[in-house]
Structure formats: C-alpha cells, structure tokens
Amino acid sequence: MDTFTYDLVVTNGICVTAVDVASYDIAIKDEKIVLLAPSGSLATANAKRIIDAEGGYVTPGGVDCHVHLQEPAMFGKGTSSDTYETGTRSAIAGGCTTIIGFAPQQRSEPSLLRALAETHERARDNSYCDYGFHLLMGNPSEQALAELVSLRDEEGVTSLKIYMTYAALQLRDDQILSVLLKARREHILTMIHAENGDILNWLTDQLEARDLVAPKYHSHSRPPVLEAEATNRAIALSSLIANTPILLVHVSDPGATLRIRQAQTNGQPIYAETCPQYLFLTRDDLDKPGFEGAKCVCSPPPRDKESQEVIWTGLRNGTFAVLSSDHCPFNYDDAESGKKTCITHEHPVGQFRHIPNGIPGIETRLPLVFSSRRLPLTKFVEVSSTNPAKLYGLYPRKGSLIAGVSDADIVIWYPESKRPNIVLTNEMLHHATDYTPYEGREICNWPRYTILRGRVVWDRDNGGVLGDKTFGEFLRRGTSSLNQLWETVDEQGEFDVANL
Ligand code: DUC
Ligand code: ZN
Ligand code: ZN
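Residues numbered from 1 in each chain as written. Chains lettered and ligands numbered in written order. Predicted model: local features only at pLDDT ≥ 70, side-chain atom pairs only at ≥ 80, totals over all residues. Heavy atoms only, no water.

- Going by what an unreviewed UniProt entry lists, the chain is known as Allantoinase and is assigned to Apodospora peruviana.
- Note on the chain: under the UniProt heading Sequence similarities (unreviewed entry), the record states "Belongs to the metallo-dependent hydrolases superfamily. Hydantoinase/dihydropyrimidinase family." (UniProt positions renumbered as here; feature names shortened; annotations may be inferred.)

## With respect to the overall build of the chain
Then step 1. Helix and strand content of the chain: 14 helices and 19 strands.
Then step 2. Here the chain has a C-alpha radius of gyration of 22 Å; the compact-globule value for 500 residues is 23 Å, and the two agree.
Then step 3. In terms of principal-axis extent, the alpha carbons of the chain reach across some 70 × 55 × 40 Å.
Then step 4. A separation of at least 24 residues holds for 77% of the contacts in the chain among residues at least 6 apart in sequence.
Then step 5. Total accessible area on the chain is roughly 18100 Å²; 48% of this is exposed by carbon and sulfur atoms.
Then step 6. Across the chain, 48 positive and 64 negative side-chain charges occur, with their mean positions spaced 2 Å apart. (Helix = DSSP H or I, 4+ residues; strand = E, 2+ residues; numbered from the N terminus. Rg over C-alpha atoms; globule rule 2.2 N^0.38 Å. Contact = heavy atoms within 4.5 Å. Areas by Shrake-Rupley, 256 points an atom, 1.4 Å probe, with all protein chains shown as cover. Lys, Arg positive; Asp, Glu negative; His and termini not counted. Charge placed at Lys NZ, Arg CZ, Asp CG, Glu CD.)

## Let's talk about the coordination of the zinc ion (ligand 2)
Then step 1. Only Lys161 (NZ), His193 (ND1) and His250 (NE2) from the protein reach the zinc ion (ligand 2) as donors, at distances of 2.1 to 2.2 Å.
Then step 2. Ordering the donors of the zinc ion (ligand 2) by residue number gives the pattern K-x31-H-x56-H.
Then step 3. In this model, the zinc ion (ligand 2) sits 4.1 Å from the zinc ion (ligand 3). Taken together, the residues Lys161 in strand 9 (residues 159-163) and His250 in the loop between strand 11 (246-248) and helix 9 (254-265) connect sequence positions 89 residues apart. Neither residue differs from the other here; Lys161 and His250 are each classed as buried. (Donors = N, O, S within 2.8 Å, 3.2 Å for Na, K, Ca; no water. Buried < 20%, exposed > 50% of the residue type's maximum accessible area, 1.4 Å probe, protein only.)

## Structural notes on the packing of aromatic side chains
Two numbers describe a pair of aromatic rings. These are the distance of the centres and the angle of the planes.
Then step 1. Taken as a whole and judged by the stated rule, the model has 13 aromatic pairs.
Then step 2. When the ring of Tyr84 is compared with that of Tyr131, the centres are 6.4 Å apart and the planes differ by 55 degrees; the resulting orientation is tilted. Within this pair, whereas Tyr84 is found in helix 1 (residues 84-93), its partner Tyr131 is found in strand 8 (residues 130-137), the two being separated by 47 residues in sequence.
Then step 3. When its relative accessible area of 0% is taken as the criterion, Tyr84 is described as buried.
Then step 4. Given the relative accessible area of 4%, Tyr131 is considered buried.
Then step 5. Their ring planes at 65 degrees and their centres at 6.3 Å tell us that Tyr332 and Tyr435 sit as a pair that is edge-to-face. In this pair, Tyr332 is assigned in the loop between strand 13 (322-323) and helix 12 (365-372) and Tyr435 in the loop between strand 15 (422-423) and strand 16 (442-443), connecting sequence segments 103 residues apart.
Then step 6. Residue Tyr332 is classed as buried on the basis of its relative accessible area, which comes to 11%.
Then step 7. Taken together, the ring pairs in this structure connect Tyr57, Phe370, Phe380 and Trp413 into an aromatic cluster.
Then step 8. Across from the ring centre of Phe102, 5.6 Å away, lies the NZ or CZ of Lys161, which sits over that ring. (Phe/Tyr/Trp six-rings, centres within 6.5 Å; stacked < 30°, edge-to-face > 60°. Lys NZ or Arg CZ within 6 Å of the ring centre and 35° of its normal.)

## Examining the coordination of the zinc ion (ligand 3)
Put simply, the ideal angle at a metal is 109.5 degrees for four donors in tetrahedral geometry and 90 or 180 degrees for six donors in octahedral geometry.
Then step 1. The coordination sphere of the zinc ion (ligand 3) contains the protein donors His66 (NE2), His68 (NE2) and Asp326 (OD), at a distance range of 1.9 to 2.1 Å.
Then step 2. All donors of the zinc ion (ligand 3) come from a single chain, and their spacing in sequence reads H-x1-H-x257-D.

## Some details on the site of ligand 1
Then step 1. Around ligand 1, the structure places 11 residues, and the nearest of them are His68, Lys161, Tyr166, His193 and Asp326.
Then step 2. At a separation of 2.4 Å, an oxygen atom of ligand 1 approaches a polar side-chain atom of Tyr166.
Then step 3. Here His193 contributes a side-chain N or O atom positioned 3.3 Å from a nitrogen atom of ligand 1.
Then step 4. Coverage of ligand 1 by the protein amounts to 99% of the 240 Å² it exposes when considered alone.
Then step 5. In this structure, ligand 1 is accommodated by the largest cavity.
Then step 6. Among the residues forming the shell around ligand 1, the class breakdown is 3 nonpolar, 6 polar and 2 charged. (Near = heavy atom within 4 Å. Polar contact = N/O pair within 3.5 Å; in protein donor to acceptor, adjacent residues only side chain to side chain. 1 Å grid on protein atoms, 1.4 Å probe; cavity = no way out; pocket = protein on both sides within 12 Å on 5 of 7 lines; lining within 4 Å. Sits in = over half its atoms within 2 Å of the grid points. Nonpolar A, V, L, I, M, F, W, Y, C, P; charged D, E, K, R; others polar.)

Structural data, given as structure tokens:
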C-alpha cells in the first residue's frame, strides 16, 4: 500500500492572505493545511497529487456570508431559483468554499429553533461547499429571544438578520431595541437591512398613482436618503443599547457609507457589508427596454457611477469589512415564481412593486472583483474571505492559510501567461438561474482550481465541477472574533436604562 506524506501539494504559487503576498508551497493532509514551505521545495514531495500553480496567485477559499437559497417568498412574490445544491455548485465554480445562508423565521413562527431545523433539512447532503446559517428573524417573540442562547451554544449559530422594510419582515424600532439588547447579552451579531419601509411604501403608492410602474421605478421608490435615514437610525439604536455591535448589510449609498464611517471614527462597533452589484451595476441597468430592467432589481437598488466610486473607496479604506454576494436569485423568464410574476395583461412591463427583489451573484463575486484589479490583493482576500470568517466566528479554520490550523480551502488563479479572456455569459455559470446581470462583461481571470478541505472540487480545464453535493459540511460557528468585538462590549458593562 502506498503511503503518502501528503494528500495534496500546491507548488509554485504566489500565496495571498489578508496580510501578505509571498511565494511558498502548501502541503495538505487530512483536509488541513499542514505545512508552508519555500517555493518549489515541495515540487517533488511524497504526495498523492501535486498541483503546479505555475506562478499563479493562490488565495484562501472565498467565504460568502450573505446568501439566500430555497427561502419561502418573503421579499414579495417569487421563489428562489437556486436550491442548496445548485447555489453551492455555482459557489465552488466561482472560488467560494464557504457560504452562510439564511434560516428564515416567518412572522407566524414564534420559534427560531424550528426555523433552523427546517433549513437544515433543505441543506443537509445538498451542499457542494461548507455552510453555516444566520437566523433571519421575522418574529422577535419572547420565545425567539429566549432561544438565542441555545442557538449559540447548541446550534453554532451566532448571528441574525433583521429588517427595517418588507411587510412580512419589518420590525418597529422598539422591537429592534429588544433584539439588540438580547443580542448584546448573548454575543450574537445583528445584521440589519436598513431601508425605511414606510417611506418606500408611500413613494410606491405615489408612483403607482401616476402609473409609473416599469422596473426602473423600483429605484425611484428607494432613493438614497431612505437608506441613509435607516442606516442613521440603526446606528442610533445601537448606540442607545450601550453601543451594541451591528452589521449593516448590502450598503449601496454614499450617505449611508459616510454615516457608517463617522460612527466607526467615533469608536462605535458599526460594521458594514457591500456587494458587487453596487460596484458594477447602476440604476441605468434597471432602465432597459421593456421588462429587461427587472433582471437588476434588488434592494437597495444599484445607484449611479459616483456612488460606485464611493463604495470602492469604502472597501479600500476599511469602512466595509466584508464583500458578499447577496445571492438572491429568481428566474427572469418565469411567470410562475420568477421576475415575470408581476406581468399582467393590464401591466405588460410588470409592476415594480411586485418584482421579486434579488439577483444572482454567488459565482461571479470573486472573479469580478479579482479581475477588476481595483483592490490590492491583500484587501481582496480580507473582505472576501478573512473578515467574513472572523466576523462570523469561523476564523482561523476558514479565511486563511495557516499551517496546522486552517482547512485546506484554496483557490488557484491562472498565471499571467495563461490568463483566459472571458466574456461572461449565463451559459458558463453553474447556478440554476436563467440569467446573470453581468452578461457580456469581460473578465480577465477566474478560479482555475477550487480546493475544499483538500479535495479539488473545481478544475476549470479538466472536468469543471468535480465535487459533489454531499461533501459540504455544516459549520458550527463561534462568536465573532473581528476586532475583539465582544471583549470590548463586555468591558463597557451591561446596558442600563438608568445610565442614559
Ligand atoms: N435583502 C436581502 O438581503 N436580500 C434580497 C432582498 C433584500 O431585500
Ligand atoms: Zn436585505
Ligand atoms: Zn440578502
């Protein structure tokens, strides 16, 4: 019987982490990175397989911490066009080895634990990559809040998302305060969707009264100030509860970004996420002939060119800790459960109010940003892998290349000499959605190999997807380790209303 020292070696790569770029070889054994060695020194090691990166960049597997799969219709009509199986297949083909999806608790459901159990059923043995869950909290009942301890200690779920908009999900300010208070005590990170639901409903009524219902009016119903106002309010609510950490998801607007930056400068534990749609799409993409613009309807909506620049700057200067996809896919050409559910005889270009909100992007997140060359490579790794892992309690198992510690989750990119010039088409992608909002874009690199826990699950030139849907494991997460978040909170002591 052959005995190998290593299961896999990656030689001759330029390895990038959140802190440095350096040439070294990586040896893998039993799903872990076990050794980092001088470049080329492991080229003839006793390993079952040796992959020559040929001078290409080698990065930790991507961690996409904002992914919607197989959720019931909560953002209006429509059902997800991707299952755990197809969404995670798409993830690995785009270099992503870990996702954090959402376990949706409906308003009629008092228990978070039940909502979580149902989500486990959907994902179990159906995931090509490793996965965890955030609770999507539609009902902050007494029972739900009491369950946060079990969520953390027994279930390995240490974050939840709440909404300031959507009829089925919107929480009042007093409810948000109750969530923040309990989350603070239990060291659960609260993610907030910050858009003012009341204002957008009012604006939507105004637009409809004038028969302005085409897809492009989605962005008129959600002007930037509505995101900035809600962001400001979320920060105020956090500060009221003795500076409870919050994470503002999918930020698109410069006003919101500025407010977040100010709060951070003040030392408040305000974290933020942005997504490729706010770097690569604009509101003009919603203004295409006929119903086409519906392909880019998501919330908040893409803004303008100047806003894109502010978001890029925010990524570079650390305002945004994480870059996620917010993959929330609906088929376009589907009148039963996709974007076209809102088309009627009376409304041939649909009614934006009823367009399912969300776009696909799990596979394109890393290639788009990597090949844009607009972030230093260390920053690219930081926001797309390392910080998500730290923020959501997965570090250093995920998000890095630490010998003896990190899972062998690795992406190998093409070297300069072999760089493919790719024109993105939906046909190339591995989701089950019938379009990509990035159709026709030129991309100058793509993950050549994706390795998940030591196994090559994606080999672009030799077979494509090689993984299988039973290989992905559920990840029990710890509490956040980014910036010693909770240590700082504990030092400040309990919230006390008498201290206000
Ligand atoms: N918010 C999300 O986070 N995802 C899709 C829809 C939405 O509004
Ligand atoms: Zn949201
Ligand atoms: Zn989302």
